[in-house]
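So the chains spell out like this:
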Amino acid sequence: MKFTWFHLMPWPHLPDDFREKHRSVWVDIPTTLYDAKRGHHVYHDYFDQLEYAETMGFDALGVNEHHANAYGLMPSPNLMAAALARRTSKAALMVLGDSIALYNPPIRVAEEFAMLDVITGGRLACGFPVGTSMDTNYAYGTIPALTREKYNEAHELIMRAWREDEPFAFNGRYTKLRYVNCWPKPIQRPRPPIFIPGGGSIETYDFCLEFDYTYCYLSYSGYLRAKQLMDGYWERVAKAGKDESPYRGGFAQVICVADTDAEAEKLYSKHVHYFYNRCLHVYPGFADAPGYRTVKTLQANMITQLTQAQLRNYPTLTWKDLVDQGYVIAGSPKTVYDRMVDLAKTLRVGNIFGLFQVGDMPGDKVRHSTKLFAEQVMPKLKAELFQEWKNEDRFWIKPMQQSERRQMAAE
Amino acid sequence: MTITSRLIDVAGGRNKVRVYEGGDGPPLFYLHGAGGLMREDRLIAALARHYRVYAPLLPGYEDSVGEERLRDMLDMTLHGYDVMQALGLSKPLVVGHSMGGMIAAEMAAIAPNEIERLALIAPAGIWLPEHPIVDIFALLPQEFPHYLFHDVEAGVKLMTPGGDMNDVKFLAEFMIANARRLGTAGKMLFPIPERGLSERLYRIKARTLVVWGENDKLIPPVYAGEFIKGISGARLMTIPQAGHLVGHEKPHALVEALRTLN
């Protein structure tokens with residue numbers, strides 16, 4: 001299995017009465033709640049945590065892209081990856097931006113990802129999210145019904161820009177470039193591994209299968225609720241006649257490890273509640289701009305979504321609810337191990353995006369949980385699960401040989 | 001007055017469009033707003049008492065299809081002419097409400113000799129930064145009536161005849177249809193309902209009537225002034241005790257206003 005230590009970079013200073021005073025953590029949250037001088041410390045604390053995760057042996061360090069969002073302070077994930085590039089040397093850098101429909105022209109993504117891949121010696125894993133409606137439509141103004149067409153065109157441009165050895169003209173509907181000439185080119189040719197975050201759109205399943213990209217479900221609702229969606233994906237995989245490599249799938253999971261189950265509650269409960277009650281407090285009017293999802297997808301999912309939305313009442317959920325219902329995998333290394341096995345088997349995912357920093361959790365607790373997982377959970381999972389796929393290398397980075405690489409600051 | 005409907009081929013079969021039709025009198029071409037037409041639409045019925053009404057549904061609404069080829073304002077404007085062409089209409093009275101008013105104004109501006117009489121009912125298409133229009137794409141279904149009607153309670157009944165927003169199945173169907181409708185409308189109205197119309201209004205030659213509900217909370221009546229200023233000779237008629245859906249709240253007052261254009 002591949003473990004990505006994934007950071008959302010939440011703002012940890014939202015007030016106690018945030019829910020009562022504000023309708024949304026995203027899109028129209030006032031910036032008076034932000035403090036740039038505290039933000040300076042927050043960013044560096046978070047970089048420390050990511051760098052620590054590499055020393056603990058995680059396969060990848062994950063960053064992502066959000067806009068106008070107080071739980072995701074990375075409008076530019078590429079900047080974060082660049083900052084990590086020279087402070088790390090082994091882990092893949094999993095950049096789960098770039099929302100390619102938002103870059104103008106999208107050749108910018110081909111260039112910046114190529115730069116990152118070259119700087120890291122081929123350690124870049126890149127995500128091409130369509131982006132949430134909050135980011136893509138409300139914060140960045142993309143017309144909802146045209147988002148997917150714009151995305152597909154940007155994808156075509158980026159892939160060609162990496163693949164072709166000669167400059168070419170690109171006559172798209174949204175981007176017209178007389179000279180496409182991507183300098184530099186990535187080390188990983190024809191492309192770095194690509195991870196596509198999705199939320200159940202049938203079009204996204206098919207897109208991943210067409211190009212052999214890894215489909216990632218980045219939900220915060222835990223693996224039990226994700227089963228239906230991932231089952232839908234695997235059905236599609238079978239229908240397309242593709243092999244069932246678990247590395248075609250990925251899942252994000254909040255994970256909190258302590259010495260005992262009781263200790264986990266004592267240490268982490270407060271921060272987990274901060275995350276679910278403040279960070280995920282999103283105004284429903286921003287959740288899904290009309291036209292963002294296709295009618296086909298809406299018809300497949302609408303009743304489930306509405307029913308789940310009615311059930312998902314975070315403020316009423318206790319620590320026990322969150323743990324029992326799988327929103328959070330928490331407890332002793334043994335408890336966490338058992339649930340992780342259940343997760344991996346239930347969803348058939350070889351990629352785990354572990355969220356170890358949760359809400360306003362401070363660095364010492366983050367490191368404690370990360371260390372226990374890395375030493376007592378991760379090695380067993382790697383040794384025991386999906387052994388029949390242990391030689392799978394189609395979906396992971398292919399960095400330069402150590403001997404070819406220039407020594408970097410961190411080494 | 002009987003209103004019937006049929007599905008017609010538009011633009012050589014590139015679009016199929018449902019057209020509601022009825023009444024006797026001079027031809028009237030009606031372009032609906034972002035919400036589409038209502039079931040047993042009161043405004044259409046009132047218009048049909050004095051006109052032969054043709055009310056097409058934009059692709060993306062009900063079973064009108066082909067919306068994927070309509071991406072921007074020019075596509076929508078030309079589509080309006082394609083429908084007129086398919087119906088064999090020549091110089092009808094063109095009436096557009098809200099988003100439909102924006103399309104009607106664009107049609108009259110792009111081919112000023114084709115439209116001689118024009119009525120714009122609370123049209124969209126202009127943005128005044130000091131009077132921002134509410135973001136209809138971020139409203140919850142139950143929030144709409146407040147912005148659309150003067151009499152909100154009566155408006156709710158008009159909008160959801162026989163349905164209950166608390167019933168998951170009804171709500172799911174409403175939301176799917178709404179996503180498709182507003183998804184199409186978003187090509188003209190998202191994220192700001194403005195596509196340069198104010199710079200083209202000077203081209204309009206039609207005798208133009210601008211109608212506004214006095215208590216319009218969606219596009220405030222201050223916007224009427226911009227249309228009056230921009231279109232040579234345009235007249236304004238304000239209808240009291242009416243909101244954004246002025247034609248549904250005060251159909252007779254609206255028809256009387258239109259008849260001054262005859």
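Because the structure is predicted, anything quoted here is derived from the model rather than measured.

(A) Structural detail: the overall build of chain A. A count of helices and strands for chain A gives 13 helices and 11 strands. By the compact-globule yardstick of 22 Å for 411 residues, chain A fits well, its C-alpha radius of gyration being 20 Å. Seen along its three principal axes, the alpha-carbon backbone of chain A occupies a region of about 60 × 50 × 50 Å. Within chain A, buried positions represent 48% of all 411 residues.

(B) View of the overall build of chain B. If you tally the helices and strands in chain B, you get 9 helices and 8 strands. In terms of C-alpha radius of gyration, chain B reaches 17 Å, essentially the compact-globule figure of 18 Å for 262 residues. Taking the principal axes of the C-alpha coordinates as reference, chain B spans close to 50 × 45 × 35 Å. Within chain B, buried positions represent 48% of all 262 residues.

(C) Spotlight on the interface of chain A and chain B. Opposite the 20 residues of chain A that make contact, chain B presents 21 residues. Sort the elements by how many residues they give to the side of chain A that touches chain B and helix α10 (residues 295-311) of chain A lands first, with 7 residues. In terms of residue class, the side of chain A that touches chain B is made up of 14 nonpolar, 5 polar and 1 charged.

(D) The sheet that holds strand β2 (residues 15-22) of chain B, seen in detail. All names here are of chain B. Strand order in this open sheet of 8 strands is β1-β2-β4-β3-β5-β6-β7-β8, and the pairing throughout is mixed. Here the strands that pair on one side only, and so sit at the sheet edges, are β1 (4-10) and β8 (235-239). Neighbour-to-neighbour, the strand axes of the sheet open up by a mean angle of 25 degrees, direction not taken into account. Where β2 lies against strand β4 (residues 52-56), 4 bridges are found, and the strand directions are antiparallel. Its bridge partner lying in β4, glycine 22 is registered against valine 53. The sheet contacts of helix α7 (residues 222-230) involve β6 (117-121), β7 (207-213) and β8, and relative to β7 the element is tilted by about 175 degrees. In the packing of helix α9 (residues 251-259) onto the sheet, contacts are made with β5 (93-97), β6, β7 and β8, and the angle to β7 comes to roughly 160 degrees.

(E) Broad picture of unusual backbone geometry. Residue Pro190(A) follows Arg189(A) across a cis peptide bond; omega there is 0 degrees. Structurally, the position occupied by Pro190(A) is in the loop between β6 (176-180) and β7 (194-198). Pro191(B) follows Phe190(B) through a cis peptide bond whose omega is -10 degrees. Within the secondary structure, Pro191(B) is located in the loop between α6 (168-189) and β7. Although it is not a glycine, Asp212(A) adopts a positive phi angle of roughly 55 degrees.

(F) Structural context of helix α3 (residues 77-85) of chain A. Residue and element names in this part refer to chain A. Buried residues of α3: Pro77, Asn78, Met80, Ala81, Leu84 and Ala85, and no others. Seen end-on, α3 carries its buried residues on one side only, within an arc spanning 160 degrees. Packed against the buried residues of α3 are α2 (36-55), β2 (60-64), β3 (92-96) and α4 (107-119).

(G) Examining the confidence of the model for chain B more closely. In the predicted model, chain B carries a mean pLDDT of 95, and 99% of its residues have values of at least 70. Across the assembled chains, the prediction reports ipTM 0.93 with pTM 0.95.

(H) Inspection of helix α9 (residues 261-279) of chain A at higher detail. At Tyr268(A), α9(A) shows its maximal kink, close to 55 degrees. Buried-residue contacts for α9(A) involve α1 (18-21), β9 (249-257), α11 (319-324), β10 (328-331) and α13 (363-384) of chain A.

(I) Structural detail: the environment of Ala111(B). Residues and elements named next belong to chain B. Looking at the element boundaries, alanine 111 is found in the loop between α3 (99-110) and β6. The partly exposed category is assigned to alanine 111, around which 15 C-beta atoms lie within 10 Å. Sequence separation between alanine 111 and isoleucine 204 is 93 residues, and the spatial gap between their C-alpha atoms is 8.2 Å.

(J) Broad picture of the environment of Pro184(A). Residue and element names in this part refer to chain A. Tracing the sequence through the fold places proline 184 in the loop between β6 and β7. For the pair proline 184 and arginine 148, spaced 36 residues apart in the sequence, the C-alpha separation amounts to 27 Å. Apart from residues no more than four positions distant in its own chain, proline 184 is found in contact with Ala114, Met115 and Val118.

(K) Up close: the pairing of β6(A). Residues and elements named next belong to chain A. By the criterion of burial, β6 is predominantly exposed, with just 0 of the 5 residues buried. Direction of pairing for strand β5 (residues 168-171) relative to β6: antiparallel, over a ladder of 3 bridges. Directly across from asparagine 171, in β6, lies its bridge partner lysine 176. With antiparallel pairing between neighbouring strands as the criterion, β5 and β6 make up a hairpin whose turn holds 4 residues.

Criteria and thresholds
Residues numbered from 1 in each chain as written. Chains lettered and ligands numbered in written order. Predicted model: local features only at pLDDT ≥ 70, side-chain atom pairs only at ≥ 80, totals over all residues. Helix = DSSP H or I, 4+ residues; strand = E, 2+ residues; numbered from the N terminus. Rg over C-alpha atoms; globule rule 2.2 N^0.38 Å. Buried ≥ 20, exposed ≤ 12 C-beta atoms within 10 Å, placed from the backbone. Contact = placed C-beta atoms within 7 Å. Nonpolar A, V, L, I, M, F, W, Y, C, P; charged D, E, K, R; others polar. Pairing = 2+ DSSP bridges. Axes fitted to C-alpha atoms, helices over the stretch in contact; angles between N-to-C directions. Arc of directions from axis to C-beta. pLDDT = per-residue confidence, 0-100. Bend = angle between axes of the 7 residues up to and from the residue.

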